[in-house]
Amino acid sequence: GENVEQHPSTLSVQEGDSAVIKCTYSDSASNYFPWYKQELGKGPQLIIDIRSNVGEKKDQRIAVTLNKTAKHFSLHITETQPEDSAVYFCAASSGTYKYIFGTGTRLKVLA
Amino acid sequence: KAGVTQTPRYLIKTRGQQVTLSCSPISGHRSVSWYQQTPGQGLQFLFEYFSETQRNKGNFPGRFSGRQFSNSRSEMNVSTLELGDSALYLCASSLTPTSSYNSPLHFGNGTRLTVT
């Protein structure tokens, strides 16, 4: 069935370093890929998204890349800060009724 | 613009009881989706409502039900609670149904349900 694999499950980086989280999807019809950040005690917050007609999108320190051939998409955070510490979820949607979410990556930015 | 509002934030119930959770979407959003979040299963789709109609349902038993009102507010009900129903229940709203266009989901902060 439809599946989104997300790696790594935990990631620790030094403040100022970059962090990369990778996702792989199985449904070739997927055409929309959002990323969510979930802080403790809060719901997931949309931080960036990309559609299948675009290979890369950037918003300040955050960027997402998409490789449709390999069915991979990745989140890149540069110049990490302590407030970037959270759980990050990727998701894929093909315009069907639901989003398929990855299992999450717990990012810890060490000061 | 106010975000998605879910009430209550926390609930403690006993096995066998029923519970109703409430969600107010972002103003102008007519689609409301519900998700269950647990450490073991991650984010699992429950159902989606648009214009007071259930558009789609995930793989959950019939004990899980919902409805949407004319003002787009939605409620979710779980009857005959089981210990395994303990989870964070998230509501998300979007402008259009996810089945018609990939409209971004905006989540509330959830209702933490504990079943004892």
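The structure under discussion appears in the preceding block.
Anyway, here's the lowdown on the structure attached to this text. No experiment lies behind these values; they were computed from the predicted model shown.

1. Some points on the overall build of chain A
The number of helices and strands found in chain A is zero helices and eleven strands. Each helix (α) and strand (β) of chain A, taken in turn from the N terminus, gives the series β-β-β-β-β-β-β-β-β-β-β. At 13 Å, chain A has a C-alpha radius of gyration in line with the 13 Å of a compact globule built from 111 residues. C-alpha atoms of chain A, sized along the principal axes, occupy 40 × 30 × 20 Å. Out of the 111 residues belonging to chain A, those deemed buried represent 46%. Contacts in chain A between residues far apart in sequence, at least 24 positions, make up 52% of those at least 6 positions apart. On chain A, roughly 5,500 Å² of surface is accessible, and the fraction owed to carbon and sulfur atoms is 46%. Between the mean site of the 12 positive side-chain charges and the mean site of the 12 negative ones, chain A shows a separation of 4 Å.

2. Regarding the side chain of B:Gln68
Residue and element names in this part refer to chain B. Within the fold, Gln 68 resides in strand E7 (residues 64-68). For Gln 68, a relative accessible area of 6% corresponds to the buried category. Separated by 2.9 Å, the side chain of Gln 68 and the backbone nitrogen of Glu 52 make a polar contact. Dropping the residues within four chain positions of it, Gln 68 is found in contact with Arg 30, Val 32, Tyr 49, Phe 50, Ser 51, Glu 52, Thr 53, Arg 73 and Ser 74.

3. A short note on the interface of chain B and chain A
Contacts between the two partners involve 22 residues from chain B, matched on the other side by 20 residues from chain A. Interface area for chain B against chain A, summed over the two sides, is near 1,700 Å², with a carbon-plus-sulfur share of 52%. At the boundary of chain B and chain A, one finds zero salt bridges. On the surface where chain B and chain A come into contact, there are five residue pairs in polar contact (both at pLDDT 80 or more). If you list the elements that add at least two residues to the side of chain B that touches chain A, you get strand E4 (31-38), strand E5 (42-50), strand E6 (53-57), strand E9 (87-94) and strand E10 (106-107) of chain B. In terms of residue count, the dominant contributor to the side of chain B that touches chain A is E5(B) (three residues). By residue class, the composition of the side of chain B that touches chain A is nine nonpolar, ten polar and three charged.

4. A word on the environment of B:Pro97
Residue and element names in this part refer to chain B. Within the secondary structure, Pro 97 sits in the loop between E9 and E10. When its relative accessible area of 4% is taken as the criterion, Pro 97 is described as buried. With 66 residues separating them along the chain, Pro 97 and Ser 31 place their C-alpha atoms 5.5 Å apart. Beyond its immediate sequence surroundings of up to four residues, Pro 97 is in contact with Ser 31, Glu 48, Phe 50 and Arg 55.

5. A look at the sheet that holds strand E8 (residues 74-78) of chain B
Residue and element names in this part refer to chain B. With respect to topology, four strands assemble into an open sheet ordered E1-E3-E8-E7, the strand pairing being antiparallel. Looking at strand neighbours, the two that pair on one side only are strand E1 (5-7) and E7, the edges of this open sheet. On average, each strand axis in the sheet is tilted by 20° relative to the strand beside it, whichever way the strands run. The pairing of strand E3 (residues 19-24) with E8 spans five bridges and is antiparallel.

6. Here's the deal with the pattern of salt bridges
All names here are of chain B. Inspection of the entire model under this criterion finds six salt bridges over all chains. Glu 82 serves as the salt-bridge partner of Arg 63, at 3.6 Å between the closest nitrogen and oxygen. Separated by 19 residues along the polypeptide, Arg 63 in the loop between E6 and E7 and Glu 82 in the loop between E8 and E9 bring together distant segments of the chain. The class of Arg 63 is buried, set by a relative accessible area of 16%. Here Glu 82 falls in the partly exposed class, since its relative accessible area comes to 42%. Note that Arg 73 and Glu 75 form a salt bridge whose closest N and O atoms lie 3.4 Å from each other. Members of the salt-bridge network, linked through shared partners, are Arg 63, Glu 82 and Asp 85.

7. Things to note about the environment of A:Glu56
Residue and element names in this part refer to chain A. Structurally, Glu 56 is set in strand E6 (residues 56-59). Its relative accessible area of 53% is what places Glu 56 among the exposed residues. Considered as a pair, Glu 56 and Ser 74 are 18 residues apart in the sequence and their alpha carbons are 9.6 Å apart. If we skip the residues at most four places from it in the chain, Glu 56 touches Ile 50, Val 64 and Thr 65.

So, how was this worked out
- Residues numbered from 1 in each chain as written.
- Chains lettered and ligands numbered in written order.
- Predicted model: local features only at pLDDT ≥ 70, side-chain atom pairs only at ≥ 80, totals over all residues.
- Heavy atoms only, no water.
- Helix = DSSP H or I, 4+ residues; strand = E, 2+ residues; numbered from the N terminus.
- Rg over C-alpha atoms; globule rule 2.2 N^0.38 Å.
- Buried < 20%, exposed > 50% of the residue type's maximum accessible area, 1.4 Å probe, protein only.
- Contact = heavy atoms within 4.5 Å.
- Areas by Shrake-Rupley, 256 points an atom, 1.4 Å probe, with all protein chains shown as cover.
- Lys, Arg positive; Asp, Glu negative; His and termini not counted.
- Charge placed at Lys NZ, Arg CZ, Asp CG, Glu CD.
- Polar contact = N/O pair within 3.5 Å; in protein donor to acceptor, adjacent residues only side chain to side chain.
- Buried area = accessible area lost by both parts, 1.4 Å probe.
- Salt bridge = Lys/Arg side-chain N within 4 Å of Asp/Glu carboxyl O.
- Nonpolar A, V, L, I, M, F, W, Y, C, P; charged D, E, K, R; others polar.
- Pairing = 2+ DSSP bridges.
- Axes fitted to C-alpha atoms, helices over the stretch in contact; angles between N-to-C directions.

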